[in-house]
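# Coordinates in review
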Amino acid sequence: MEHDQRVAKVCRTLSDMGWQITLVGRMLPDSKPFERPYEIKRFKLFFEKGALFYASLNIRLFFYLLNKSTDVILANDLDTLLPAYIISRIKGKRLVYDCHEYFTEAEGLTGRSFPKRIWEKIEGWIFPKLKYVFCVNETVANIYTAKYDVPIRVVRNIPFLESNQVQVSRRELGLPEDKKIVLLQGAYIDPDRGGAELVESVKYTQAVLLLIIGAGRDIENLKQKVKELNLEADVKFMPRMPFAELRKYTAVSDLGISIDKPVHLNYTYSLPNKLFDYIHAGIPVLVSNLPELKRIVNNWQVGMVLDEVTPHKVAAAIMEALQSPEYGMWKTNCVSARKELNWQKESEIIREVYSAIERDLSRTK
């Protein structure tokens, strides 16, 4: 919850508009305390995953919302939508749904027909009744519009445009100055997101350090692979860190990587926020051939699209990108792109919707 950039940006936007915010989430064993200029409520749940976790989360949310005074309920993703919808109907409150991903086609539901059907039933019952829906990209929005005939507003997970970025040297960060740094960052570095192929690709590159910053279910597997391939000198792991700290490492890198594989529809149609983090840091990108990734890279000419995620192909593409005569142009284009692809502009849609809700509320009071 403390690392969810999208939720933090939405809350900041609403707070700036004058809304009183209560951010509700769960407390994990490794969760750290954090402060925001609004109320935070974190549930301690006995279960951490699986059906019992989702059941306990939804029950806690239901009773919390039942006793909470509020004008608007904002549900982030399908796993919070059911209690939010029921309470909005019971109490006559406005409901906003922010769809962060193609939830029913996520990696965790692949091959699990029963839980997938449950989530599809919940989504199919509620989605057609929704009035205010945000979605993270055009492809997923088009799928839901065609499926449920509901107007959907696209709000991508894009960073704020910062006028003053802290400059830190590689030496201060403990990074080599005689190698090109290839960066993979992410809060959810999970299987099938290209991590294994990326690590193995280092065997076929020259004067490159692969820097992996983040967390996820595949991290330990990647560390083991590094040991097996004797790549400890060429691959460096760092834990998930606050965004402000992460930006320092992103800014001194040479190439940003986002190479999810199209083995799950949620990955196929995803638009990872790390792509925009790379662009805002001014570093060119190497991405897999997925619709939303390709759209950004080709429209703004900020890097290369990889045709196939295999170790040899990834290595060849990394070396080609780093040595490309277009590399300087890509860096320049990143600067131009971030002037358009930023939260200040993206959040205008959120402001329009909540301003309309506010006017509606004032008429009914």
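So, here is what we can say about the structure in this document.

Thresholds applied
- Residues numbered from 1 in each chain as written.
- Predicted model: local features only at pLDDT ≥ 70, side-chain atom pairs only at ≥ 80, totals over all residues.
- Heavy atoms only, no water.
- Patch = residues over 30% accessible without salt bridge, like charges linked within 9 Å, V, L, I, M, F, W, Y side chains within 5 Å.
- Areas by Shrake-Rupley, 256 points an atom, 1.4 Å probe, with all protein chains shown as cover.
- Salt bridge = Lys/Arg side-chain N within 4 Å of Asp/Glu carboxyl O.
- Helix = DSSP H or I, 4+ residues; strand = E, 2+ residues; numbered from the N terminus.
- Axes fitted to C-alpha atoms, helices over the stretch in contact; angles between N-to-C directions.
- Parallel < 35°, antiparallel > 145°, perpendicular 65-115°, else oblique.
- Left-handed = near helix turned anticlockwise from the far one by under 90°.
- Contact = heavy atoms within 4.5 Å.
- Nonpolar A, V, L, I, M, F, W, Y, C, P; charged D, E, K, R; others polar.
- Expected span 1.5 Å × (residues − 1).
- Buried < 20%, exposed > 50% of the residue type's maximum accessible area, 1.4 Å probe, protein only.
- Phe/Tyr/Trp six-rings, centres within 6.5 Å; stacked < 30°, edge-to-face > 60°.
- Polar contact = N/O pair within 3.5 Å; in protein donor to acceptor, adjacent residues only side chain to side chain.

A cluster of nonpolar side chains, namely Ile-59, Phe-63, Leu-66 and Ile-90, defines an oily patch on the protein surface of about 380 Å² accessible area. Top contributing element to the nonpolar patch by residue count: helix α2 (residues 50–66), with three residues. Considering the arrangement of structural elements, one finds Ile-59 in helix α2.

On to the packing of α2 against helix α3 (residues 81–91). One way to put it is that α2 packs onto α3 with a least axis distance of 9 Å and a crossing angle of 25°. Compared by their axis directions, α2 and α3 come out roughly parallel. Both α2 and α3 take part in a crossing whose hand is right-handed. Residues Asn-58, Leu-61, Phe-62, Leu-65 and Leu-66 of α2 lie in contact with α3, whose contacting residues are Leu-82, Pro-83, Ala-84, Ile-86, Ile-87, Ile-90 and Lys-91. The class makeup of the residues in the contact of α2 with α3 is 10 nonpolar, one polar and one charged.

Our focus in this paragraph is α2. Here α2 spans 24 Å end to end across 17 residues, near enough to the 24 Å set by a 1.5 Å rise per residue. Within the sequence span of α2, burial applies to Phe-53, Ser-56, Leu-57, Asn-58, Leu-61, Tyr-64 and Leu-65. The inward-facing, buried residues of α2 contact β1 (22–27), β2 (39–44), β3 (72–76) and α3.

For the structure on display, the rule yields 14 aromatic pairs. Relative to Trp-125, the ring of Tyr-85 lies with its centre 5.2 Å away and its plane at 80°, an arrangement referred to as edge-to-face. Of this pair, Tyr-85 sits in helix α3 while Trp-125 sits in helix α4 (residues 113–126), and the two are 40 residues apart along the sequence. Overall, the relative accessible area of 6% leaves Tyr-85 in the buried class. Residue Trp-125 is classed as partly exposed on the basis of its relative accessible area, which comes to 41%. An angle of 20° between the planes, with centres 6.3 Å apart, marks the rings of Tyr-144 and Tyr-148 as stacked.

What follows is about the pattern of salt bridges. The tally for this structure, following the rule as stated, stands at 21 salt bridges. Put simply, Lys-261 and Asp-192 hold a salt bridge, and the shortest N to O gap is 3.9 Å. Placement of the pair is Lys-261 in the loop between β10 (255–258) and α10 (265–268) and Asp-192 in the loop between β7 (180–186) and α7 (195–201), with a sequence separation of 69 residues. With a shortest N-O distance of 2.8 Å, Arg-193 and Asp-260 are connected by a salt bridge. In this pair, Arg-193 is assigned in the loop between β7 and α7 and Asp-260 in the loop between β10 and α10, connecting sequence segments 67 residues apart. Comparing Arg-193 with Asp-260, the two get one shared label, buried. Among the charged side chains, a network of salt bridges with common partners joins Arg-94, Asp-360 and Arg-363.

Within the secondary structure layout, Ser-288 lies in strand β11 (residues 285–288). There is a polar contact of 2.7 Å between the side chain of Ser-288 and the backbone oxygen of Asp-260. In this structure Ser-288 touches Ser-258, Ile-259, Asp-260, Leu-293, Val-305, Leu-306 and Val-309, once residues within four positions along its chain are discounted.

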